[in-house]
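# Structural characterization, general
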Amino acid sequence: MRDWYLGPGDPLSLTLAADFRLCEPDYTNDHIWELVPGGGDPPALALRTTYGLRARLMRLFPRFTLGGKSISDPSGFAVPVHVTRFYPNFLTLAFSPFEGIAVAAEYWIPDSQVVAGRFNVTNRNSAPVSLLLELCGQLVPQDGKSLAPASMQSVNVLAGCSADLAPVVFITGGPQPGPGPYPSLILDLALAAGGDRTLTWVQAARPTAEESFDLARRTAARPWEAERVRLEMVNTAQTVEVRTGDPDWDAALALSQKVASSLIFGSGEQLPYPSFVLARSPDHGYSLRGDGKDYPYLWSGQSPLHACYLESLLPGQPERAVGLLRNFLAPQKEDGFIDCRPGLAGQRGRWLAAPMLVSLAWKVYQRTGDRQFIKEVFPSLQAFCRLWLTEAHDRDGDGFCEWAHPLQTGFEDHPAFTIWHGWGQGADISLAESPALAAMLYRELRLLSHIAGEIGYTVERQTLEMMAATQRLLVEECWNADAALYHYRDRDTHASLPGKQIAKGRGEGAIVVDQLFSQPVRVLVQLRFNGEVTRRPTLVIKGREGRRAANENLERMDFQWGPGIAAATSRRVYTALNQVEIQGLEKRDQVLVRTVNYACEDHTLFLPLWAGIPNIRRVQALVNRTLFDAGRFGRPFGVPACTTAAIPGLGAGNGDGSEDICLGVHLPWNQLIAEGLLAYGLRSEAAQLTARLMAAVIENLKKQRAFYQVYHSESGAGLGERNALPGLAPLGLFLQVLGVEFLSATQVRLSGKNPFPWPVTVKYRGMHVTRQAEQTTIVFPDGQLLTLDDPTDGVVTMD
């Protein structure tokens, strides 16, 4: 394990790897601590939390005094802080607050309501010194009292209370209340030349001070060295270490595994296996209701897209993917329905899950070779896929299924279908046919047929292959040769027309349109309001479909509602529109009449590439004219969510937030696109895309000390939640592009050759794989050495 500095002068040029967040994996805890080196008042090497917003702030930090000089700000340390080891719940730092005084600081989260630490202080000077070490605490309570020195069972501690917690800070060595400006416990360390001293401290927060004190003392008495060795063994066995020619990449990839592991929660009554949240910060975790039903959307359940991305971030923990898949299957209904977001607190998304679960099962099988596992899950996955193909999800019966809600898709901010943003079109997604959904279904059915073949279900395999072939043909119908991309199409007309505004008005009454259309169009009526929305609009659309009159009535329940906006999509299509009558509005309310825009281009439309559908000619057009075209999706920091040209005024620097949404880079979707490139042998192009994604990640780690949920495709700026799962560095993608997949401690699958500009060494459970430009060297755990000329495709096993 190498060192990462946390300040200027970092040998890795990474100013700060991240604000390290410590929490015990597999615990549902709301005591999440964040190590922030510098900042705050006073600036300090501080651990901070809010106990899930049950306190405004809780900080713990050391303060050192030598020769009358006191220091807590790490920017003034003689030797800056650097990380020597980190795991999800354990962190080791090294620094020197003064010349010749070396400190090794360890931080450990052993339980959901405890944080513990050790300071090992060594005097490297040639003369003895008297060093004062203070452990300072700052508690800003929601409702209670700040930390203050107290005596409990004849031991000096810091104690306070906030909401329903009574934090107690305990330190070994017989401390005294500190004299400084902050509540503290102080120890006078008389250190001989070359001498050292080790102190253990614990902060526990339970409902009463007595419970907290008892827990703190018991934690301090635990065998620290044995616990540390256990943590090292467990984490080393689960971690893939990467050493590239770029140390910034190494740090980002290592940190991603650490953060990803910390997002995992243990199983509970609602889900049988550990699940995950999208982000974990000191403000998260506490439920006022007590049952978790009031958690924010970041804690509202596991989606298929994010489950697949998490699996790729933890290549050393294949058992996690097994548990995630079983969590989807556990609450499955008899008809095959699998919820799109099952959560540990019993949350449910209420929509059918996106068809990506067979892909997850197949990844598990490729890693483990567990035929019994795929045989066990096959019936459930088959029922799930068959449900997608029923009339409930293929409303016009043409074999092309439709989404029911944007939340299913994994891209809920789609400009064509979102109503949560004022700039969104707000069209009904169930009236559109998405090539992304059909591509997902094709891939699921094809992989399910592979599984059927593996377990000897010949008839099922043939049936599934025919079903997959149908989906492939439907996807290909959406190809737009002029745009070199697949497009959405109307459910009934199968046309992919650009939308336009055709009329507008204010308040109630009839809006006369009197327009003819060369092709049938679907009508979209948008309402924009001022102030609180209490309207109950009704709508009558009058026109013609061919030679027949086409009229329809829409009520309040037919509208989609957002902040200050509502939108209703016609159920019928029109070749002529006469007028639109609207009731239930106020005079200032604005009414816009449009045709639905199906020409919006977004990153999901590359999914046919991931599914392996287009022929080589179309792949070349899609890659060269669309994916890497700088005027469309070929941006410096990755593939953006969508282009803005298809929707006039969208994202044009108008300050409405649409630009950030449209130009945001979503790493899980970019990973699927890169996997598609690899499937067609375009390894160098996949490496180019990976490098762009890594540039965005590293830019934010350097400047903002965090990963971000989304990255701006032009500037690389981080957007959304800090340290969120979708923004972690794509370790799984990097390994796929490199062509290295560990199957066990003695077996590795290699493909192609190293497309990156430097040699890469990857270590896992004692196996070392080094890929040069034209050669691969493998060192097995027993010392056996094997050298191969690349490109290499196959599984290599230790003799």
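Computed from a predicted model, the values in this text were never measured in an experiment. (Residues numbered from 1 in each chain as written. Predicted model: local features only at pLDDT ≥ 70, side-chain atom pairs only at ≥ 80, totals over all residues. Heavy atoms only, no water.)

## Focus on the sheet that holds strand 33 (residues 708-712)
Pairing in this open sheet of 3 strands is antiparallel, and the strands run 32-33-34 from one edge to the other. On the outer flanks of this sheet lie strand 32 (664-665) and strand 34 (718-722), each paired with one strand and no other. Pairing of strand 33 with strand 34, which is carried by 3 bridges, proceeds in the antiparallel orientation. Looking at strand 34, one finds that Tyr-711 is bridged to Gly-718. (Pairing = 2+ DSSP bridges. Helix = DSSP H or I, 4+ residues; strand = E, 2+ residues; numbered from the N terminus.)

## Things to note about the pairing of strand 31 (residues 590-595)
For strand 25 (residues 501-506) and strand 31, the ladder comprises 5 bridges, and the chain directions are antiparallel. Each residue of the ladder has a partner; that of Gln-501, found in strand 31, is Arg-594. Summarising the sheet, strand 26 (residues 509-528) and strand 31 pair through 6 bridges and their orientation is antiparallel. Looking across to strand 31, one finds that Leu-527 is bridged to Val-591.

## Some details on the pattern of salt bridges
All told, the structure shown has 39 salt bridges when counted by the stated rule. Here Arg-535 makes a salt bridge to Glu-586, at a shortest N to O gap of 3.5 Å. One end of the pair, Arg-535, is in the loop between strand 26 and strand 27 (538-545); the other, Glu-586, is in the loop between strand 30 (565-583) and strand 31, with 51 residues separating them in the sequence. Between Arg-632 and Glu-601 there is a salt bridge, with its nearest N and O atoms 2.9 Å apart. (Salt bridge = Lys/Arg side-chain N within 4 Å of Asp/Glu carboxyl O.)

## A look at the state of the cysteines
Tallying each qualifying case throughout the model produces 0 disulfides. The structure places no disulfide on Cys-478, whose sulfur is separated from the nearest cysteine sulfur, that of Cys-401, by 12 Å. (Disulfide = S-S within 2.5 Å.)

## Some remarks on helix 10 (residues 458-476)
Relative to the 27 Å expected for 19 residues at 1.5 Å per residue, helix 10 spans 27 Å between its end C-alpha atoms, a close match to the ideal helical length. Three or more residues of helix 10 are buried, namely Leu-464, Met-467, Ala-468, Gln-471, Leu-474 and Val-475. Taken down its axis, helix 10 places every buried residue within 110° of arc, on the same side. Across from the buried face of helix 10, at angles greater than 90 degrees, the exposed residues are Thr-458, Val-459, Met-466 and Leu-473. Packing partners of the buried residues in helix 10 comprise helix 7 (371-388), helix 9 (435-454), strand 22 (479-480), strand 23 (485-486), strand 24 (489-490) and helix 11 (607-611). (Expected span 1.5 Å × (residues − 1). Buried < 20%, exposed > 50% of the residue type's maximum accessible area, 1.4 Å probe, protein only. Arc of directions from axis to C-beta. Contact = heavy atoms within 4.5 Å.)

## Points about the sheet that holds strand 35 (residues 740-744)
Read across the open sheet, the 3 strands follow the order 35-36-41; overall the sheet is antiparallel. The open sheet has two edge strands with one neighbour each: strand 35 and strand 41 (794-797). Geometrically, the sheet is characterised by an average inter-axis angle of 25° between neighbouring strands, direction not taken into account. Relative to strand 36 (residues 747-750), strand 35 is paired through 4 bridges, and the arrangement is antiparallel. In the sheet register, Phe-742 faces strand 36, and the bridge partner there is Val-748. (Axes fitted to C-alpha atoms, helices over the stretch in contact; angles between N-to-C directions.)

## What to know about the confidence of the model for the protein
Mean pLDDT over the protein stands at 92; residues scoring 70 or higher make up 94%. For the stretch residues 1-18, pLDDT sits under 50, and the model shows 58 contacts to residues farther than four places along the chain or on other chains. (pLDDT = per-residue confidence, 0-100.)

## As for the packing of aromatic side chains
How two aromatic rings sit relative to each other is given by the distance of their centres and the angle of their planes. Within this structure, the stated rule accounts for 25 aromatic pairs. Measuring from ring centre to ring centre gives 5.2 Å for Trp-249 and Trp-758, while their planes differ by 80°; the resulting arrangement is edge-to-face. You can see Trp-249 sitting in helix 3 (residues 247-262) and its partner Trp-758 sitting in the loop between strand 36 and strand 37 (760-764), a full 509 residues away along the chain. Between Phe-606 and Phe-633, the ring centres sit 5.0 Å apart and the planes meet at 90°, which makes this aromatic pair edge-to-face. Of this pair, Phe-606 sits in the loop between strand 31 and helix 11 while Phe-633 is found in the loop between helix 12 (616-627) and helix 13 (658-662), placing the two residues 27 residues apart along the sequence. By way of ring pairs, the aromatic residues Trp-249, Phe-734, Phe-756 and Trp-758 are connected into one cluster. (Phe/Tyr/Trp six-rings, centres within 6.5 Å; stacked < 30°, edge-to-face > 60°.)

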